[in-house]
Amino acid sequence: MSEVKIAAETRTEFGKGAARRIRRDSKVPGVLYGHGSDPLHLTLPGHDLLLALRTPNVLISLDIDGKSNELAIPKAVQRDPLKGFLEHVDLLLVKRGEKVTVEIPVHTEGELAPGGYLLEHVLNALPVEAEATHIPEAVSVSVEGLEAGASVLAKDITLPSGVTLAVDEDAVVLQVLAAQAEEAGAGEGEAEEAAEA
């Protein structure tokens, strides 16, 4: 997992007006918290942060006012619903070697069995516990040849070394459904037969 360095500044102004001024300067207001320390209010460079957040669970090395270096992972990101720009970010303070609970994306590989089946992602992301400096970017699951009624449970997913599940091992992650159009067509045929009888 890559580590991204970002220069941050502490901020002393709060409220909507201050946040708007920060965003006008192409920066993002944020809060760094964790390890029982007081929350630290920060201003982060918008473009650098946007690039860093393209990687899920990115490890950010914060250079705060040029004095202290802290490691953090994004915990909550608020975006403008229409324009998509970053409005605010909450960062969780982490230490090297520390275990954290995060959600990692689930990617699928392969094709379902022929027959118009649909793949439902019951969990879009898999909750896992991993060392803060070794969080996997994603996990891959093969769905090759699966048919309706088949499901992939959390315990069926192969995790990298040092990563453990943070969800019930019998939790359904993916399931295969029969296509709705076929079921609707069968239902109409039954209704017609009942009307004829």
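Before reading further, recall that the structure is shown in the block above.
So, a few notes on the structure that sits alongside this text. (Residues numbered from 1 in each chain as written. Predicted model: local features only at pLDDT ≥ 70, side-chain atom pairs only at ≥ 80, totals over all residues. Heavy atoms only, no water.)

1. Here's the deal with the environment of Val 4
Then, number 1: The residue Val 4 is located in strand S1 (residues 3-10) in this model.
Then, number 2: Residue Val 4 is classed as partly exposed on the basis of its relative accessible area, which comes to 24%.
Then, number 3: If near-sequence neighbours (up to four positions away) are discounted, Val 4 is found in contact with Ala 52, Val 58, Leu 59, Ile 60 and Ser 61. (Helix = DSSP H or I, 4+ residues; strand = E, 2+ residues; numbered from the N terminus. Buried < 20%, exposed > 50% of the residue type's maximum accessible area, 1.4 Å probe, protein only. Contact = heavy atoms within 4.5 Å.)

2. Concerning the sheet that holds strand S2 (residues 27-34)
Then, number 1: The 6 strands are arranged S1-S3-S2-S6-S5-S4 in a closed barrel whose pairing can be described as mixed. Along the sheet, successive strands turn relative to each other by an average axial angle of 45°, direction set aside.
Then, number 2: When S2 meets strand S3 (residues 37-45), the two strands line up antiparallel, connected through 7 bridges. Along S3, the bridge assignment pairs Pro 29 with Thr 43.
Then, number 3: Across the face of the sheet, helix H1 (residues 16-24) comes into contact with S2, S3 and strand S6 (86-94) while running at roughly 120° to S2. (Pairing = 2+ DSSP bridges. Axes fitted to C-alpha atoms, helices over the stretch in contact; angles between N-to-C directions.)

3. Concerning the layout of surface pockets
Then, number 1: When its volume is computed, the largest pocket comes out at roughly 150 Å³.
Then, number 2: Counting residues per element, the ones that place at least two in the lining of the largest pocket are S2 and helix H2 (46-52).
Then, number 3: If one sorts the elements of the lining of the largest pocket by residue count, H2 sits on top with 3 residues.
Then, number 4: Grouping the constituent residues of the lining of the largest pocket by class yields 4 nonpolar, 3 polar and 2 charged. (1 Å grid on protein atoms, 1.4 Å probe; cavity = no way out; pocket = protein on both sides within 12 Å on 5 of 7 lines; lining within 4 Å. Points joined across faces, edges and corners; volume = space filled by probe spheres on them. Nonpolar A, V, L, I, M, F, W, Y, C, P; charged D, E, K, R; others polar.)

4. A word on the environment of His 41
Then, number 1: Looking at where His 41 falls in the secondary structure, it is placed in strand S3.
Then, number 2: Taking the C-alpha atoms as reference points, His 41 and Phe 14, separated by 27 residues in sequence, lie 8.8 Å from one another.
Then, number 3: Other than its neighbours up to four places away in sequence, His 41 contacts Glu 9, Thr 10, Arg 11, Phe 14, Gly 30 and Val 31.

5. Comments concerning the nonpolar core
Looking at soluble globular proteins, one finds that nonpolar side chains tend to be buried together.
Then, number 1: Core analysis: the largest hydrophobic core is formed by 25 residues, its most contacted members being Ile 73 and Leu 126.
Then, number 2: Going through the elements one at a time, strand S5 (68-79), S6, strand S7 (99-109), strand S9 (125-131), strand S10 (139-142) and strand S13 (172-178) are the ones with two or more residues in this core.
Then, number 3: Among the elements that line this core, the one with the most residues is S7, at 4 residues.
Then, number 4: In contact with Ile 73, not counting residues within four places along its chain, are Asn 57, Val 58, Leu 59, Asp 90, Leu 91, Leu 92, Val 94, Val 100, Val 102 and Ile 135.
Then, number 5: Listed in part, the 18 residues of the second largest apolar core include Leu 32, Leu 62, Ile 64 and Leu 93. (Core = buried A, V, L, I, M, F, W, Y, C linked by side-chain atoms within 4.5 Å.)

6. What to know about the pattern of salt bridges
Then, number 1: Under the criterion given, the structure shown has 2 salt bridges.
Then, number 2: Taking the shortest distance from any N to any O, the salt bridge between Lys 155 and Asp 170 comes out at 3.0 Å. Taken together, the residues Lys 155 in the loop between strand S11 (151-153) and strand S12 (164-165) and Asp 170 in the loop between S12 and S13 connect sequence positions 15 residues apart.
Then, number 3: Using a relative accessible area of 40% as the deciding quantity, one classes Asp 170 as partly exposed. (Salt bridge = Lys/Arg side-chain N within 4 Å of Asp/Glu carboxyl O.)

7. Things to note about the sheet that holds strand S8 (residues 117-121)
Then, number 1: Pairing within the open sheet is antiparallel, and its 3 strands lie in the order S8-S13-S11. Where the open sheet ends on each side, the last strands, each with one partner, are S8 and S11. This sheet shows a mean twist of 15° between the axes of neighbouring strands, independent of strand direction.
Then, number 2: The sheet contact formed by S8 and S13 spans 5 bridges and is antiparallel. Bridging from a neighbouring strand, Leu 118 pairs with Leu 177 of S13.

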